[in-house]
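# Coordinates in review
Listed below are the residues making up each chain.
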Amino acid sequence: MPKRVDHEERRAQIAEALIQVAGRRGLHAVGMRDVAAEAGVSLRLVQYYFETKEKLLFCGLRHLTDRFAARVCARLAAAGPEPGPRATVEALLLASLPTDEESRTFHLLYSSYAILSVTDEALAAQPFIDNPDAAESAVTGLLEQAQASGLADPGIDARTEAISLLAMAATMGTSILVGQRSPESAIAVLRHHLDRIFTAVRTSERGAGSN
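Conventions and cut-offs
Residues numbered from 1 in each chain as written. Predicted model: local features only at pLDDT ≥ 70, side-chain atom pairs only at ≥ 80, totals over all residues. Heavy atoms only, no water. Axes fitted to C-alpha atoms, helices over the stretch in contact; angles between N-to-C directions. Helix = DSSP H or I, 4+ residues; strand = E, 2+ residues; numbered from the N terminus. Parallel < 35°, antiparallel > 145°, perpendicular 65-115°, else oblique. Left-handed = near helix turned anticlockwise from the far one by under 90°. Contact = heavy atoms within 4.5 Å. Nonpolar A, V, L, I, M, F, W, Y, C, P; charged D, E, K, R; others polar. Polar contact = N/O pair within 3.5 Å; in protein donor to acceptor, adjacent residues only side chain to side chain. Core = buried A, V, L, I, M, F, W, Y, C linked by side-chain atoms within 4.5 Å. Buried < 20%, exposed > 50% of the residue type's maximum accessible area, 1.4 Å probe, protein only. Phe/Tyr/Trp six-rings, centres within 6.5 Å; stacked < 30°, edge-to-face > 60°.

## Regarding the packing of helix α1 (residues 7-25) against helix α2 (residues 32-39)
Two elements in contact, α1 and α2, have axes whose closest approach is 8 Å; the angle formed by their N-to-C orientations is 110°. Viewed along their axes, α1 and α2 adopt a mutual orientation that is roughly perpendicular. In this structure, α1 meets α2 at a crossing whose hand is right-handed. Residues Q13, I14, A17, L18, Q20, V21, R24 and R25 of α1 lie in contact with α2, whose contacting residues are D34, V35, E38 and A39. Counted by class, the contact of α1 with α2 contains six nonpolar, two polar and four charged residues.

Written as structure tokens, this is what we have:
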């Protein structure tokens, strides 16, 4: 009896191959033949599942964001059963910094997708991500939750701070990639700004430490 093919598993295998080879050579230099070789399958099979390079790239982007989500979840799990808004925001921001090989690949390729979609009409026709404001809205909600609980400065504008934190993390990630600063210094800068926002937490921690 012939073995039943799991098509989703095969698509994920090919998408993972795209990420691996693009992480080494750059997204712009990757062709469908390269991905087929990396995945250990025929070029015809890659074309069967994705038809065009743009569709393959879009699937690779989805696979990349799924891996990022798993990385954030792992950080949250390590923070405990109820991490709270500060730890959740920090997990989201730090997961995007290129501090190891996996996160380096994520930052490099995600940035490459954004740049490539500006000049590649076929890729631009695909939705870059399902909800481009998802991270911004999530961080905004967490900051508002912290304000309502007395854990963050009530005077801040949560949406503006969310935009600033995410933009800062993206810029810090690029500066790490090009060797401008170390991961440790970038993390220190992000935590400095989180300390500024979560002032109530800082004050309560000082009070507890002085007893």
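## Brief notes about the environment of F58
Assignment of secondary structure puts F58 in helix α4 (residues 53-79). Each C-alpha atom of the pair F58 and Y113 lies 8.8 Å from the other, and the pair is 55 residues apart in sequence.

## Notes on the side chain of R71
Relative to the elements of secondary structure, R71 occurs in helix α4. Of the polar contacts made by the side chain of R71, one reaches the side chain of D100; its length is 3.0 Å. Among residues more than four places away in sequence, those in contact with R71 are A95, T99, D100, E102 and S103.

## Observations concerning the nonpolar core
Judged by nonpolar contacts, the single largest core of 53 residues is most densely connected at V35, V46, L56, V89, L97 and L143. Those residues in contact with L143 that lie beyond four places of it in its chain are V89, A152, A158, E161, A162, I197 and F198.

## Considerations on the packing of aromatic side chains
Counted according to the given criterion, the structure contains three aromatic pairs. Pairing F68 with F106 gives two aromatic rings, centres 4.6 Å apart and planes at 10°, and the pair type is stacked. Of the two residues, F68 is situated in helix α4 and F106 in helix α6 (residues 101-119); the sequence distance between them amounts to 38 residues. In this structure F68 comes out as buried when scored by relative accessible area, which is 17%.

## Brief notes about the packing of α2 against helix α3 (residues 43-50)
Between α2 and α3, the shortest axis-to-axis distance is 8 Å and the interhelical angle comes to 110°. One way to sum up the angle between α2 and α3 is to call them roughly perpendicular. Every pair of crossing elements has a handedness; the one defined by α2 and α3 is right-handed. Along the contact surface, α2 presents M32, R33 and A36, while α3 presents L43, V46 and Q47. In the contact of α2 with α3, the residues fall into four nonpolar, one polar and one charged.

## With respect to the environment of L109
Mapped onto the secondary structure, L109 falls in helix α6. Sequence separation between L109 and G60 is 49 residues; the distance between their C-alpha atoms is 9.6 Å. With near-sequence residues (within four places) excluded, L109 lies in contact with I19, A22, G23, L27 and L64.

The values are spatial; any link to function lies outside them.
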